[in-house]
Structures are given as structure tokens and as C-alpha cells.
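# Structure assessment
What follows is each chain in one-letter form.
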Amino acid sequence: MGQVAETTGLSKRTIDYYTSLGLLTPERTASGYRLYDESVIHQIEKIEYLKSQRLSLQEILASFTEREQKTGETIYQEVKQLQATVEGLEQRLLHSTDVEKQAIRLELSRRLTLIASLIAQL
């Protein structure tokens, strides 16, 4: 875990927390030690990116869990639905007040992040 912490810049405690939530799945040795392979670095990068897009750890976990169960066609349909939602939000943005625009922009950002996450699964 120490090497993963050093490589990612996260604390050991954060890595342990992500592991306890199920966001990271290390292998276990016979004596119970956790072993993290190189894919964990990529997984942490995804987690940190999605957090920067204001997704909660629970939303990220749900996204990862759903991803494991989805087929390409299911993902494609979800992307299409999200794109329709984005188009609707863009239209609302044209006819809204400044306060509403801020909320719409935040929601657009979240939806576009979800689209990017789904496309990465294909």
C-alpha cells in the first residue's frame, strides 16, 4: 500500500478507505496482507477524476459496480439517453437566469462526465 500511496500522492488511510468501500480490490496473501497490482493506479486515477467532477464516492462505486454488469448495447443506450438529457439542459441554458445557469452548468458537467465514463467502458 505504501508504494501505491507514494505513486498516487494519496495517504495510506485514503487507500484503505477506498478499499473498505469496495472501490479498490487488492489480492490477499495467505497471511492476510493486501497486494495492489498496477491496475489500482489506473482505478485511483478514475476515482480522483470522478471526484473532481463532483461525484460522490457512493456514485462512483455504483458506476463501477454497474459497469461490471453492463453490455455494450446497454451502455450505448445509456449514452444516448444522457446525450438527450444534455441537449435538453443546453436548451434550458439558453433561456434561464444567471442563477439557473450555474445549476444547469453543474448538471451538464455531471452528465458529460457520466457519458465519458460510459464511453470508456465500451
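The text that follows walks through the structure, step by step, so that each part is easy to find. Source: prediction; values computed, not measured.

## With respect to helix α3 (residues 39-52)
Spanning 14 residues, α3 covers 20 Å between terminal C-alpha atoms, matching the ideal 20 Å at 1.5 Å per step. For α3, the complete set of buried residues consists of V40, Q43, I44, I47 and L50. Down the axis of α3, the smallest arc covering the buried residues is 130 degrees, so these residues share one side.

## Re the pattern of salt bridges
One pass over the structure, following the stated rule, counts 4 salt bridges. Ionic pairing is found between R34 and D16, a salt bridge with its closest N-O pair at 2.5 Å. Taken together, the residues span a long stretch of sequence, with R34 in strand β2 (residues 34-35) and D16 in helix α2 (residues 12-21) at a distance of 18 residues. Given the relative accessible area of 25%, R34 is considered partly exposed. Taking relative accessible area as the criterion, D16 reaches 34% and is therefore assigned partly exposed. Taking the shortest distance from any N to any O, the salt bridge between R110 and E59 comes out at 2.5 Å. Here R110 is found in helix α6 (residues 98-121), whereas its partner E59 is found in helix α4 (residues 57-69), with 51 residues between them in sequence. On the basis of relative accessibility, which here comes to 23%, the residue R110 falls in the partly exposed class. By relative accessible area, which is 33% here, E59 ends up partly exposed.

Conventions used here
- Residues numbered from 1 in each chain as written.
- Predicted model: local features only at pLDDT ≥ 70, side-chain atom pairs only at ≥ 80, totals over all residues.
- Heavy atoms only, no water.
- Helix = DSSP H or I, 4+ residues; strand = E, 2+ residues; numbered from the N terminus.
- Expected span 1.5 Å × (residues − 1).
- Buried < 20%, exposed > 50% of the residue type's maximum accessible area, 1.4 Å probe, protein only.
- Arc of directions from axis to C-beta.
- Salt bridge = Lys/Arg side-chain N within 4 Å of Asp/Glu carboxyl O.

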